[in-house]
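Residue strings, one per chain:
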Amino acid sequence: YKAQKKLGKQLEVPPSAHGFVRERRREAAYLIQSCATWRARKAGVSHLTTFHIMANAFPCSRYEDLDSYTQNHVLEQDLEMFMHRRHSTAVIIDTADGDLTVKPGSGGMMGEPNAPVEFLAAFHPRILNWQIELWRSDRVGARMFTAVCPFTGRRADTSITTFADDVAKKHFVTNPA
């Protein structure tokens, strides 16, 4: 329990993250996107929103990413148990001619108390890198979709919001013709 408790308290989440995070509900992500749309319309700026549904995001997380977070945040005496459980995970499928055992080779163990934290620790750095690259290539859009984060008081890019494992991205369109 202590390891799981410690695991959950160590994660720093970007302002764009919603869902899985206390007091950052999915509805807030929708509201942020709606406000960004209103702001762009009011300014007469052409824009569009893309939605990226990360199907099977939990099972697709690489063990290396999950392990890296676990190694840095789990109590030393519990580390071997956590790592062994992940790497020994198997799914048994009942088939017509007997049981079929499948070792996934990636992903966290859904239902485990620490699974969302480990997933977010692997997921959000990649989203943040994507956000930085987009910001560098779209200076006008970056200014249009920037606001002060109510959680940190710092300026934050509102063009990207994540809700659990899904992503919405607002794009500034420079030449709509």
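So, here is what we can say about the structure in this document. The structure presented is a predicted model; accordingly, all values stated were derived computationally and were not measured.

1. Some thoughts on the environment of Asp157
Considering the arrangement of structural elements, one finds Asp157 in strand β6 (residues 155–157). In this structure, Asp157 is in contact with Gln131 and Phe145, ignoring residues within four places of it in sequence.

2. Some words on the sheet that holds strand β2 (residues 47–53)
Strand pairing in a sheet is mediated by backbone hydrogen bonds. Such pairs are either parallel or antiparallel. Reading across the sheet, the 4 strands line up as β1-β7-β8-β2 and stay open at both edges, with mixed pairing between neighbours. Single-partner strands in this sheet number two, and they are β1 (17–18) and β2. By the bridge criterion, 7 bridges tie β2 to strand β8 (residues 166–172) in an arrangement that is antiparallel. What sits directly across from Ile53, in β8, is Asp166. Where helix α2 (residues 26–42) meets the sheet, it contacts β1, β2, β7 (160–163) and β8, and its direction lies at approximately 160 degrees from that of β7. Strands β1, β2, β7 and β8 of the sheet are contacted by helix α6 (residues 115–137), whose axis makes an angle of about 165 degrees with β7.

3. Brief notes about the packing of helix α4 (residues 63–73) against α6
Packed helices, taken two at a time, are described by their axes: the angle between them and the distance between them. Two elements in contact, α4 and α6, have axes whose closest approach is 9 Å; the angle formed by their N-to-C orientations is 115 degrees. Judged on the interaxial angle alone, α6 and α4 are roughly perpendicular. Two packed elements cross with a definite hand, and for α4 against α6 that hand is right-handed. Every residue of α6 that contacts α4 at Asp65, Leu66, Tyr69 and Thr70 is listed here: Val117, Glu118, Phe119, Ala121, Ala122 and Arg126. The residue makeup of the contact of α4 with α6, split by class, is 6 nonpolar, 1 polar and 3 charged.

4. Observations regarding the pattern of salt bridges
Scanning the model with the defined rule gives 1 salt bridge in all. The shortest N-O distance in the salt bridge between Asp67 and Arg86 comes to 2.6 Å. You can see Asp67 sitting in helix α4 and its partner Arg86 sitting in helix α5 (residues 76–87), a full 19 residues away along the chain.

5. A closer look at a nonpolar patch on the surface
On the surface, a nonpolar cluster with roughly 300 Å² of combined accessible area is contributed by Val91, Ile93, Leu100 and Val102. Mapped onto the nonpolar patch, the elements with two or more residues apiece are β3 (91–95) and β4 (98–102). Checked against the element boundaries, Val102 lands in strand β4.

6. With respect to the pairing of β4
Sheet topology places β3 next to β4; 5 bridges connect them, and they run antiparallel. Each residue of the ladder has a partner; that of Thr95, found in β4, is Gly98. With antiparallel pairing between neighbouring strands as the criterion, β3 and β4 make up a hairpin whose turn holds 2 residues.

Cut-offs applied
Residues numbered from 1 in each chain as written. Predicted model: local features only at pLDDT ≥ 70, side-chain atom pairs only at ≥ 80, totals over all residues. Heavy atoms only, no water. Helix = DSSP H or I, 4+ residues; strand = E, 2+ residues; numbered from the N terminus. Contact = heavy atoms within 4.5 Å. Pairing = 2+ DSSP bridges. Axes fitted to C-alpha atoms, helices over the stretch in contact; angles between N-to-C directions. Parallel < 35°, antiparallel > 145°, perpendicular 65-115°, else oblique. Left-handed = near helix turned anticlockwise from the far one by under 90°. Nonpolar A, V, L, I, M, F, W, Y, C, P; charged D, E, K, R; others polar. Salt bridge = Lys/Arg side-chain N within 4 Å of Asp/Glu carboxyl O. Patch = residues over 30% accessible without salt bridge, like charges linked within 9 Å, V, L, I, M, F, W, Y side chains within 5 Å. Areas by Shrake-Rupley, 256 points an atom, 1.4 Å probe, with all protein chains shown as cover.

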